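# Structure at a glance
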Amino acid sequence: MRVSWLEFMPLLAATAFAQWGGNRAVGNDPSAGDRSSSVHGQVFCDNAMTGRLTVELTPSNRGGFFRADVEGDGRFEFRGLAPGQYQLQLTGVAGTVIYEEPVVITGGYQNFSIQVPASKNAQGKAATVSIHQLMHKAPPEAQKEFEKGQSASAKGDPAVALEHFRKAVAIDPEFADAFNGIGSAYAALGQFQEAADQFGKAIDLVPDHPSAVANLSIVLCKLARFDEAIQAARRALQLDPGLLKVRYVLGFSLARNGGDQAEALDNLLRAAPEFPQAHLVAAKILIDFGRREEAAEHLEAFLRGPSAKENEEDRQKAELWLTQLRQR
């Protein structure tokens, strides 16, 4: 079975990224409340971990709990879970709690990841800021223009934002955040080459600028410069592993460029809980791997979600692929 590639979905990073925190839905199927769940997941750790790991899910409205052992590659699975809110715990040797968070299971096929930070203090942290950014002090006039640009960007007016960010760098030519803002404004206007140039200027000033490197990976992917997008995405994830947009970019770029398909699939599975289109790219890879049942599960997961209703072309492709899989 041969399937055609989807167009890359528009993804534009803001001038700062935030990691998720608090209650988190596992999967993206809000209509599946009357069905039992098949939950697939994977544990990713910033630090190396040894010994047996176990994932436990405790329902918030009744006693008892569900337990699944974590395999050597970090994967685990639950089947037959009723929809509802659960407390998730990752435990290690002697039942030591390594990580926990409340999750909501909504039903149907679901896939999510547990990203264990180096320490519990890292949970819910704000966007990463480099030491170079902390050391640079922009003049008050430049800072004022930068804040006006941020305000205009938040209001959905990239043209006005662009004007203010340009004024900021005219006052302070070493204001990396403002160059990143110019790039974001250009990207919002669909001028991706111009955006890439500006993100590059920000990175020249601050090589470890997390948002600029992440944003560069996104626009390079939009420009179909996949080799460069892969390099930028890997660098961005070294700076901040929690950027799911960038995991999507890396997975998509590797898939489109004929790179390491296992690495592509790994990143797509991590991104899928927040970016449903990752299910489609993952399905394409799984079809090529001959893992047809898993591919069908991902297509079904996409079709249950809101993105299928919002994008007619993607919905039709997913339905066609699913029909072809079922016919064989």
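Everything below is about the structure shown above.
This write-up is about the structure you can find in this document. (Residues numbered from 1 in each chain as written. Predicted model: local features only at pLDDT ≥ 70, side-chain atom pairs only at ≥ 80, totals over all residues. Heavy atoms only, no water.)

## Some thoughts on the packing of helix α8 (residues 244–256) against helix α10 (residues 277–289)
Describing two packed helices takes the angle between their axes plus the distance from one axis to the other. As a packed pair, α8 and α10 sit with axes 11 Å apart at the nearest point and diverge in direction by 30 degrees. It follows that α8 is roughly parallel to α10 by the angle criterion. The way α8 lies across α10 gives a crossing that is left-handed. Between α8 and α10, the contacting residues are Y248, F252 and A255 on the first element and Q277, A278, V281 and I285 on the second. For the contact of α8 with α10, the class distribution of residues is six nonpolar, one polar and no charged. (Axes fitted to C-alpha atoms, helices over the stretch in contact; angles between N-to-C directions. Helix = DSSP H or I, 4+ residues; strand = E, 2+ residues; numbered from the N terminus. Parallel < 35°, antiparallel > 145°, perpendicular 65-115°, else oblique. Left-handed = near helix turned anticlockwise from the far one by under 90°. Contact = heavy atoms within 4.5 Å. Nonpolar A, V, L, I, M, F, W, Y, C, P; charged D, E, K, R; others polar.)

## So, the packing of aromatic side chains
Here the structure, examined in full by the defined rule, presents six aromatic pairs. A centroid spacing of 6.1 Å and a plane angle of 75 degrees characterise the contact between F76 and F78, whose relative ring orientation is edge-to-face. Across the pair, exposure class does not vary: F76 and F78 are buried alike. An angle of 50 degrees between the planes, with centres 5.6 Å apart, marks the rings of F146 and F165 as tilted. Note that F146 is positioned in helix α2 (residues 140–154) and F165 in helix α3 (residues 158–171), a separation of 19 residues in sequence. The class of F165 is buried, set by a relative accessible area of 2%. (Phe/Tyr/Trp six-rings, centres within 6.5 Å; stacked < 30°, edge-to-face > 60°. Buried < 20%, exposed > 50% of the residue type's maximum accessible area, 1.4 Å probe, protein only.)

## Notes on the side chain of H164
Looking at the secondary structure, you find H164 in helix α3. Classification of H164 by relative accessible area gives buried; the value is 16%. Sequence-distant contacts of H164, that is, excluding residues within four places in its chain, are made with E145, K148 and G149.

What is shown is where atoms sit, not what they do.
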